[in-house]
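These are the residues of each chain, in order.
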Amino acid sequence: MTIQSEYLKERRDQEWRAELRNKLKGKERTNLPRVHMPEESPEERVKHQNLEVNTGLSKEQALVEASRCMDCANPTCIEGCPVQINIPEFIKNIEREEFALAAKTLKQTNALPAVCGRVCPQEKQCESKCFYLTKLKKEPVAIGYLERFAADWEQNSGIMDIPECAPKNGKKVATVGSGPSSLSFAGDMIKLGYEVTVFEALHEIGGVLKYGIPEFRLPNKKVDIELDVLKKMGVKFETNFIVGRTASFDQLKEEGYEGFFVGSGAGLPRFMNIPGENNNGILSSNEYLTRVNLMGANNDKNDTLVLKGKNVAVIGGGNTAMDSVRTAKRLGAERAIIVYRRSRVEMPARVEEVKHADEEGIEFMNLANPLEYFADEAGRVNKMRVQMMELGEPDSSGRRRPVPIEGSETDIDVDLVIVAVGVSPNPLIPACLPDLTVSRWGTIEVNDNMQSSIPVLFAGGDIVRGGATVILAMGDGRNAAKSMHEYLMTINK
Amino acid sequence: MNQIVEKEFFSENVVKLVVEAPLIAKARKPGNFVILRVSENGERIPLTIAAADETKGTITIIAQKVGVSTEKLAQLEVGDALIDLVGPLGKETDIHNVGTVLACGGGVGVAPLLPIVEGFKKAGNRVISVLAARSKDLIILEDEIRKWSDEVIIMTDDGSHGKKGLVTQGAEEVILREKVNECIVIGPAIMMKFTSLLTKKYNIPTQASLNSMMVDGTGMCGACRVTVGGKTKFTCVDGPEFDAHQIDFDEMMMRLGGYKTEEKIDFEQFMNRS
Ligand SMILES: Cc1cc2nc3c(=O)[nH]c(=O)nc-3n(C[C@H](O)[C@H](O)[C@H](O)COP(=O)(O)OP(=O)(O)OC[C@H]3O[C@@H](n4cnc5c(N)ncnc54)[C@H](O)[C@@H]3O)c2cc1C
Ligand code: FES
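Thresholds, definitions, all that
Residues numbered from 1 in each chain as written. Chains lettered and ligands numbered in written order. Predicted model: local features only at pLDDT ≥ 70, side-chain atom pairs only at ≥ 80, totals over all residues. Heavy atoms only, no water. Helix = DSSP H or I, 4+ residues; strand = E, 2+ residues; numbered from the N terminus. Rg over C-alpha atoms; globule rule 2.2 N^0.38 Å. Buried < 20%, exposed > 50% of the residue type's maximum accessible area, 1.4 Å probe, protein only. Areas by Shrake-Rupley, 256 points an atom, 1.4 Å probe, with all protein chains shown as cover. Lys, Arg positive; Asp, Glu negative; His and termini not counted. Charge placed at Lys NZ, Arg CZ, Asp CG, Glu CD. Contact = heavy atoms within 4.5 Å. Salt bridge = Lys/Arg side-chain N within 4 Å of Asp/Glu carboxyl O. Polar contact = N/O pair within 3.5 Å; in protein donor to acceptor, adjacent residues only side chain to side chain. Nonpolar A, V, L, I, M, F, W, Y, C, P; charged D, E, K, R; others polar. Pairing = 2+ DSSP bridges. Right-handed = clockwise from strand over helix to strand, strands pointing away. Near = heavy atom within 4 Å. 1 Å grid on protein atoms, 1.4 Å probe; cavity = no way out; pocket = protein on both sides within 12 Å on 5 of 7 lines; lining within 4 Å. Points joined across faces, edges and corners; volume = space filled by probe spheres on them. Core = buried A, V, L, I, M, F, W, Y, C linked by side-chain atoms within 4.5 Å. Phe/Tyr/Trp six-rings, centres within 6.5 Å; stacked < 30°, edge-to-face > 60°. Lys NZ or Arg CZ within 6 Å of the ring centre and 35° of its normal. Axes fitted to C-alpha atoms, helices over the stretch in contact; angles between N-to-C directions. Left-handed = near helix turned anticlockwise from the far one by under 90°. Expected span 1.5 Å × (residues − 1).

Chemist: I would appreciate a short explanation of the overall build of chain B in the present structure.
Modeler: Helix and strand content of chain B: nine helices and 16 strands. Relative to its length of 274 residues, chain B is compact, with a C-alpha radius of gyration of 18 Å against a globular reference of 19 Å. On the principal axes, the C-alpha backbone points of chain B span a range of 50 × 40 × 35 Å. When the 274 residues of chain B are sorted by exposure, 56% land in the buried category. Summing over all exposed atoms, chain B offers an accessible surface of approximately 11,300 Å²; the carbon and sulfur share of this is 50%. Of the charged side chains in chain B, 32 are positive and 38 negative; the average position of the first set lies 3 Å away from that of the second.

Chemist: Help me out: how do you make sense of the interface of chain B and chain A in this one?
Modeler: You'll often see interface size given as the accessible area lost when the parts meet. Contact residues are listed per partner, giving 42 residues for chain B and 38 residues for chain A. Remark: the boundary between chain B and chain A carries one salt bridge. Across the pair Asp 303 of chain A and Lys 72 of chain B runs a salt bridge whose closest N-O atoms are separated by 2.8 Å. Connecting chain B to chain A are 17 residue pairs in polar contact (both at pLDDT 80 or more). Among the elements of the structure, helix H1 (22-27), helix H2 (68-75), strand E7 (84-89), strand E14 (225-228), strand E15 (231-234), helix H8 (249-256) and helix H9 (260-273) of chain B are those that each provide at least two residues to the side of chain B that touches chain A. Counting residues per element, the side of chain B that touches chain A draws most heavily on E7 of chain B, at six residues. Of the residues assigned to the side of chain B that touches chain A, the class counts are 16 nonpolar, 13 polar and 13 charged.

Chemist: What should I look at first to understand the pairing of strand E10 (residues 368-375) of chain A in this one?
Modeler: Remark: a regular strand shows side chains that alternate across the two faces of the sheet. Judged from the seven bridges that link them, E10 of chain A and strand E11 (residues 381-394) of chain A form a sheet pairing that is antiparallel. Across the sheet, Tyr 373 of chain A pairs through a bridge with Met 384 of chain A, a residue of E11 of chain A.

Chemist: What am I meant to see in the sheet that holds strand E16 (residues 241-243) of chain B here?
Modeler: The strands making up a sheet associate through backbone hydrogen bonding, with each pair oriented either parallel or antiparallel. All names here are of chain B. Pairing is mixed in the open sheet, where seven strands are placed in the order E11-E10-E9-E8-E12-E13-E16. With partners counted over all chains shown, the strands left at the sheet margins are strand E11 (163-164) and E16, one partner each. Note that strand E8 (residues 100-106) and strand E9 (residues 126-133) share seven bridges and pair parallel. Bridge assignment links Gly 105 to a residue of E9, and that residue is Leu 131.

Chemist: Please explain the pairing of strand E13 (residues 206-209) of chain B as it appears in this structure.
Modeler: Residue and element names in this part refer to chain B. Looking at chain direction, strand E12 (residues 182-186) and E13 are connected through three bridges and run parallel. When the sheet's bridge partners are listed, Val 185 is paired in E13 with Ala 208. Since E12 and E13 lie parallel, the crossover through helix H6 (residues 189-201) that links them has a hand, and here it is right-handed.

Chemist: Please explain the site of ligand 1 as it appears in this structure.
Modeler: All names here are of chain A. Residues in contact with ligand 1 amount to 35 residues; listed here are only the nearest, Val 119, Ser 181, Glu 200, Arg 217 and Asp 462. Contacts to ligand 1 include Gly 177, whose backbone N or O atom sits 3.5 Å from a nitrogen atom. Take Glu 200: an N or O atom from its side chain is 2.7 Å from an oxygen atom of ligand 1. When ligand 1 sits alone it has 1,000 Å² of accessible area, and the protein chains cover 96% of it. Of all elements in the fold, only helix H12 (180-191), helix H17 (319-330) and helix H21 (470-491) reach the threshold of two or more residues within the shell around ligand 1. Its residues assigned to classes, the shell around ligand 1 shows 16 nonpolar, 14 polar and five charged.

Chemist: Explain empty space enclosed by the protein here, please?
Modeler: Residues and elements named next belong to chain A. Enumeration over the complete set of coordinates arrives at seven cavities of 30 Å³ or more. Approximately 160 Å³ is the volume found for the largest cavity. When contributions to the lining of the largest cavity are tallied by element, the ones reaching two or more residues are helix H8 (99-109), H12 and helix H14 (220-233). Classifying every residue of the lining of the largest cavity by side-chain character gives six nonpolar, five polar and five charged.

Chemist: Got a minute to help me understand the nonpolar core in this structure?
Modeler: Here is a general trend for soluble globular proteins: nonpolar side chains tend to be buried in one another's company. Residues and elements named next belong to chain A. Ile 87, Phe 90, Ile 91, Ile 94 and Leu 146 are the most contacted members of the largest nonpolar core, which has 65 residues in total. Sort the elements by how many residues they give to this core and H21 lands first, with seven residues. Once residues lying within four places of it in the same chain are set aside, the contact partners of Ile 87 are Cys 77, Ile 78, Cys 81, Cys 126 and Ile 143.

Chemist: Sorry if this is basic, but what is going on with the packing of aromatic side chains here?
Modeler: Both the distance between ring centres and the angle between the ring planes are used here to describe each pair of aromatic rings. Residue and element names in this part refer to chain A. Taken as a whole, this structure holds nine aromatic pairs over all chains when the rule is applied. Both rings, one in Phe 185 and one in Phe 261, keep their centres 4.8 Å apart while their planes meet at 10°; by these two values the pair is stacked. With Phe 185 in helix H12 and Phe 261 in strand E4 (residues 257-262), the pair connects residues that are 76 residues apart, well separated along the chain. Given the relative accessible area of 0%, Phe 185 is considered buried. Through pairs of rings, three or more aromatic residues link up here, namely Phe 99, Phe 149 and Trp 153. One Lys or Arg, Arg 34, reaches over the ring of Tyr 145 and ends 5.4 Å from the middle of that ring. Here the basic side chain of Arg 96 rests over the ring of Trp 16, its NZ or CZ set 3.5 Å away from the ring centre.

Chemist: Where do I start with the pattern of salt bridges in this structure?
Modeler: Side-chain pairs of opposite charge can arise whenever the charged atoms involved come near each other. Inspection of every chain in the model, using the stated rule, returns 62 salt bridges over all chains. The partner of Arg 177 of chain B in a salt bridge is Glu 178 of chain B, and the shortest N-O contact between them spans 2.7 Å. Shared partners join several salt bridges into a network, and the residues in it are Glu 39, Arg 45, Arg 217, Asp 323, Arg 326, Arg 330, Arg 350, Glu 352, Glu 353, Lys 355, Glu 359 and Glu 360 of chain A.

Chemist: What exactly am I supposed to notice about the packing of H12 of chain A against H21 of chain A here?
Modeler: For any two helices packed against each other, the geometry comes down to the angle between their axes and how far apart the axes lie. Residue and element names in this part refer to chain A. As a packed pair, H12 and H21 sit with axes 7 Å apart at the nearest point and diverge in direction by 35°. In the packing of H12 onto H21, the handedness of the crossing is right-handed. Only Val 470, Ala 473, Met 474, Gly 477, Arg 478, Ala 480, Ala 481, Met 484 and His 485 of H21 make contact with H12, whose side of the interface consists of Pro 180, Ser 181, Ser 184, Phe 185, Asp 188 and Met 189. Of the residues that constitute the contact of H12 with H21, the class distribution is nine nonpolar, four polar and two charged.

Chemist: Honestly, H14 of chain A in this entry has me stumped. Any pointers?
Modeler: In an α-helix, one turn spans 3.6 residues; hence positions three or four apart end up facing the same way. Residue and element names in this part refer to chain A. The end-to-end C-alpha distance of H14, which contains 14 residues, comes to 20 Å, matching closely the 20 Å that a straight helix rising 1.5 Å per residue would cover. Check the buried side of H14 and you find it contacts helix H9 (113-119), helix H11 (143-157), H12, helix H13 (208-211), strand E3 (236-238) and helix H16 (285-294). Once H14 finishes, Gly 234 follows within two positions and takes phi at roughly 110°, a positive value.

Chemist: For this particular structure, what's the right way to read the sheet that holds strand E7 (residues 311-315) of chain A?
Modeler: Residue and element names in this part refer to chain A. With parallel pairing, the five strands of this open sheet are ordered in space as E6-E14-E7-E8-E9. With partners counted over all chains shown, the strands left at the sheet margins are strand E6 (282-284) and strand E9 (363-366), one partner each. Averaged over all neighbouring strand pairs, the angle between strand axes comes to 20°, with direction disregarded. Of the pairings in the sheet, the one linking E7 to strand E14 (residues 416-419) comprises four bridges and is parallel in character. Residue Ile 315 lies in a different strand from E14, and its bridge partner there is Val 419. Packing of H17 onto the sheet brings it into contact with E7, strand E8 (335-340), E9 and E14, and relative to E8 it is tilted by some 165°.

What follows is the structure in structure tokens.
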């Protein structure tokens, strides 16, 4: 038995959990239907950029849903969680109405549960390994909704548990960037007794959580409350600071920083390099979402502007594309269309986002790929040419490759196009560190301990993986913290 | 905090601000710029670093009032602070000893030109500067440019200062007169376009520094993209200087007008409020 499974068994053998398991018969649990997340109506929500779509489970709903969980002897769900949250333990704490303990269980391994409960692709992770799905062929326990419930309950209680920190060990470390990978690294290192400074290039902390993911999916204040906990633990935040430019790594070393974690993200938007793509009214999803989410361009009181469109096409099928197209709808688009070169089942976006988009009247133009854009005299895009595709043999990603159908080109009227076809790693850091080994794609190469070719420099999140997920970024941050701690302790012996 | 320690109006619409920014003052190189925000609701605006004083820990920026944000910036007084200031951004100018350098600056483009002129002079070049503007009061930093130039030619549209005529006339005069090894041009897009066409005719390698629209300034959004040599580049990280003969200036001008309608409405609302 591994340490992890021994620990889980020990927790499961606690008296209260055994009692709880006996409270209901298996059938009484499995006969319960999966809870539905309460939502704002589509008609209402498309009127507000900042109205969260999911309103959260009520206490009663959460209690029933928590009682569906069988508290399995072999909790396979945990295998599906990149940060190995003790899922049955937090859910059983909800069932016995110990919500604060549920939140505490989450926070043992996840620094941002209110965020993850909202944005993780649970259907591909924990919930895909749930006993209900794998053995009973029923809908899995709504682990994500329950995670959000416990985290929100703690946030709303006004009493945030501030994790304990070891006595200061006199060592300083820094993160480059303030996205989820850096935040989880910072949380773990401050607990271990380090002085931690988070350096962020932008004027806001949070990385994609702030500039990318819209308020209707992840309210900024949810992120801010979690950030506040880190502040209370002693993490220092420096905005408007580009490591490598405002000050070099060497300068920071002189100031006493002994270790660095690079979580600089995959900030560089990709374009398709097709004719007419630089016309006005064609922008990257990063630009579009940054203008709206970070700069508040949807609100007249802010000076930043954003182009509005009547006929908006968004190219791509990921979360970024869904966020962009739903934002366009909220900013008044009459037609907001997803143009994606594969079919709906291949879309990498979270299933819930696609469902929500559908309900909001987003049109899906699947198996279609833009070929060229046309513009009016002022240079503003007014038409796009798309080619229809069919699915051929699977490619290296295992998904069936889209193949163009000859002669299938059609033109559609558009006055705003948002390109969401992926991002490349942010080249700023590699550019200022010639000794750093990077891959062909520009990602930083690290070993299993998240350590780069420069020993004091660790890295994780999108700068290592290319565009990935919040939870994977956070898992990397945690691993890096653990390894950097071990490393700094050995070299300083 | 990024306090303003000095302020001076060069003309009604052009203001110079000296701002506390010790780290940027230390790290900046010719060609670099900063991004700043004036207030909580403000835009992120890019401005070139015209000068820096490492010992005092200050940088100098020069802004022309063109919209809401620059108007607000010009309203700040000594003692006020910028809420956000980040930099230095962009690639530094490739400065080396080439022989004779022709530096052409139009309007407020003279501000970013200044550190480059200084750099080329210090690298041992012969530097001839051509400064151009509509009229005398719009010629800025003449004395500072003179300090680092072997010769300065002033061109005004109305002849109120120096010679009457366009920057290209002043530049061509120099090119016909002596061997020019390299040219650098900074100013309004149209001025850069025609200067670039001129130097292309005479086969003089030319750099132009672009003032594209920007949001983050760190390569994250692509708002600043331009076509150079048929390829899309991001001005904020690949530039701001590019081989002028390769730049698609027409596309650049078209992109600069991308928010014209929205900007006009916004500016009118702002002026009505204030
Ligand atoms: C619109 C959108 C929607 C998404 N939706 C989801 C979702 O629903 N679920 C999910 O799991 N994932 C989602 N993702 C992906 C997820 O957000 C990322 O995988 C995750 O944020 C990566 O975290 P990170 O810590 O690597 O970096 P980021 O969050 O990218 O943060 C990097 C930060 O580093 C800063 N930085 C860069 N260089 C420097 C420097 N030199 N000095 C200082 N600071 C620097 C950047 O400004 C940035 O703020 C989405 C992404 C986008 C863009
Ligand atoms: S300003 Fe955003 S990429 Fe250049």
